[in-house]
Amino acid sequence: MILQTALRMVYPPRCLGCGGLVDSDFGLCGTCWRDTPFIVGLVCNLCGTPLPGDGPDDSAVCDDCLVIARPWAAGRSALLYKDRGRSLVMALKHGDRHDIARAAAAWMAQAARPLLQRNMLIAPVPLHWTRLLRRKFNQSALLADGVARHTGLSWCPDLLERRRRTESLEGKGRDARFAALDGAISLHPRRRHRIAGRPVLLVDDVMTSGATLAAAAEACRASRAGEICVLTLARVAKDT
Ligand SMILES: [Zn+2]
Ligand SMILES: [Zn+2]
């Protein structure tokens, strides 16, 4: 406690968005909170995209998820990938901002509440080791660790691995993304015993087409996991 108080005096809590002083740790100031597109209300049960109407309705599905097969049971996302939602993700990914991961994990744990099951295992979507080397950390693993802390569930940082390096998906269309990711993720051979019959919550920073999460979910299905759900910090939604 004394150490915490001392740290507060040296490093008073700052807003994650603008750097202004805030009352609590790991939060946003009032202005940034208003500018951050938190997803609330009725959402697609498979990807977490906001839908018109009132929630909650566990059977609502968005247009994308009607067309694209999702190899998981349910999904949620904390933010829309736009405005401050986008800048927070970019800062987390490329700016070494581990403080953002802590706050984001709390928002994600809140969004994931309808998905949580006893004995659920949390696992991050993996980066290929060459990318990990360059970036030094896997932002999805930071988020998964945080979500595990907030929910009291256990997590497995290396449940999944990337067998091959996939080129950047930036700017690629949906079909190209699914083709690039097909079979790219597999279960760590020594982690199979951890998921047989067990519900799994896959964690990633952003869901765009859902191709990466689909590859991760397929790997879990192939190893006979129980129900698979997905959770992301931000969802890229059309026309928003
Ligand atoms: Zn702020
Ligand atoms: Zn959807």
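Residues numbered from 1 in each chain as written. Chains lettered and ligands numbered in written order. Predicted model: local features only at pLDDT ≥ 70, side-chain atom pairs only at ≥ 80, totals over all residues. Heavy atoms only, no water.

Student: Requested: an account of the overall build of the chain, with residues and values cited.
Tutor: When helices and strands are tallied, the chain shows nine helices and seven strands. Taken over the C-alpha trace, the chain has a radius of gyration of 18 Å; the compact-globule value for 240 residues is 18 Å, and the two agree within 12%. Seen through its principal axes, the chain has C-alpha atoms that stretch 50 × 45 × 35 Å. In the chain, which comprises 240 residues, the share counted as buried stands at 49%. Pairs at least 24 apart in sequence give 72% of the contacts found in the chain among residues at least 6 apart. In the structure as shown, the chain presents an accessible area of about 12400 Å², 51% of it carried by carbon and sulfur atoms. (Helix = DSSP H or I, 4+ residues; strand = E, 2+ residues; numbered from the N terminus. Rg over C-alpha atoms; globule rule 2.2 N^0.38 Å. Buried < 20%, exposed > 50% of the residue type's maximum accessible area, 1.4 Å probe, protein only. Contact = heavy atoms within 4.5 Å. Areas by Shrake-Rupley, 256 points an atom, 1.4 Å probe, with all protein chains shown as cover.)

Student: Please set out the coordination of the zinc ion (ligand 1) residue by residue, giving values where relevant.
Tutor: The coordination sphere of the zinc ion (ligand 1), as far as protein atoms go, consists of Cys-15 (SG), Cys-18 (SG), Cys-29 (SG) and Cys-32 (SG), spread over 2.2 to 2.3 Å. Mapping the donors of the zinc ion (ligand 1) onto the primary sequence yields the spacing C-x2-C-x10-C-x2-C. Of this pair, Cys-18 sits in the loop between helix 1 (2-10) and helix 2 (30-35) while Cys-32 is found in helix 2, placing the two residues 14 residues apart along the sequence. Accessibility expressed as a relative area gives 49% for Cys-18, which makes it partly exposed. (Donors = N, O, S within 2.8 Å, 3.2 Å for Na, K, Ca; no water.)

Student: Kindly report on the packing of helix 5 (residues 98-111) against helix 7 (residues 139-151), identifying the contributing residues and their values.
Tutor: It is the contact of helix 5 with helix 7, at a shortest axis distance of 8 Å, that shows an interaxial angle of 50 degrees. With respect to each other, helix 5 and helix 7 are oriented oblique. For the crossing formed where helix 5 meets helix 7, the hand is right-handed. From helix 5, His-98, Ala-101, Arg-102, Ala-104, Ala-105, Ala-106, Met-108 and Ala-109 reach across to helix 7, where they touch Leu-142, Leu-143, Gly-146, Val-147, His-150 and Thr-151. Here the residues of the contact of helix 5 with helix 7 sort into nine nonpolar, four polar and one charged. (Axes fitted to C-alpha atoms, helices over the stretch in contact; angles between N-to-C directions. Parallel < 35°, antiparallel > 145°, perpendicular 65-115°, else oblique. Left-handed = near helix turned anticlockwise from the far one by under 90°. Nonpolar A, V, L, I, M, F, W, Y, C, P; charged D, E, K, R; others polar.)

Student: How would you sum up the coordination of the zinc ion (ligand 2)? Please name residues and give values.
Tutor: Each protein donor to the zinc ion (ligand 2) is listed here as Cys-44 (SG), Cys-47 (SG), Cys-62 (SG) and Cys-65 (SG); together their distances run 2.3 Å. Bound by four donor atoms, the zinc ion (ligand 2) shows angles of 105 to 114 degrees at the metal and therefore tetrahedral coordination geometry. Sequence positions of the donors to the zinc ion (ligand 2) reduce to the motif C-x2-C-x14-C-x2-C. Here the residue Cys-44 occupies a position in the loop between helix 2 and helix 3 (63-67), and Cys-65 occupies one in helix 3, the gap between them amounting to 21 residues. Taking the relative accessible area as the measure of exposure, Cys-65 reaches 7% and is therefore buried. (Tetrahedral: all angles 85-135°; square planar, octahedral: opposite > 155°, others 65-115°.)

Student: Describe helix 4 (residues 83-94), naming the residues involved and giving the relevant values.
Tutor: Three- or four-residue spacings in an α-helix give side chains the same orientation, since the helix completes a turn every 3.6 residues. Compared with an ideal rise of 1.5 Å per residue, which puts twelve residues at 16 Å, helix 4 spans 17 Å between its outermost C-alpha atoms and is within 8% of the ideal. Packed against the buried residues of helix 4 are strand 1 (74-80), helix 5, helix 7, strand 6 (200-207) and strand 7 (228-235). Positioned one or two residues after helix 4, Asp-96 has a phi angle of 55 degrees, which is positive. (Expected span 1.5 Å × (residues − 1).)

Student: Explain the packing of aromatic side chains residue by residue, including any values.
Tutor: With the rule as written, the count across this model stands at three aromatic pairs. Ring geometry for Trp-33 versus Phe-38: centroids 4.5 Å apart, planes at 35 degrees, classification tilted. A ring pair is formed by Trp-33 and Trp-107, whose centres lie 6.4 Å apart and whose planes are at 85 degrees; its orientation type is edge-to-face. Taken together, the residues Trp-33 in helix 2 and Trp-107 in helix 5 connect sequence positions 74 residues apart. Members of the aromatic cluster, joined through ring pairs, are Trp-33, Phe-38 and Trp-107. (Phe/Tyr/Trp six-rings, centres within 6.5 Å; stacked < 30°, edge-to-face > 60°.)

Student: Mind laying out unusual backbone geometry, listing which residues take part and the relevant values?
Tutor: Of note in this structure, Asp-83 is not a glycine but carries a positive phi near 45 degrees. Residue placement: Asp-83 occurs in helix 4. The phi dihedral of Arg-224 falls on the positive side, at around 60 degrees, and the residue is not glycine. Positionally, Arg-224 belongs in the loop between helix 9 (211-222) and strand 7. Its relative accessible area of 68% is what places Arg-224 among the exposed residues.

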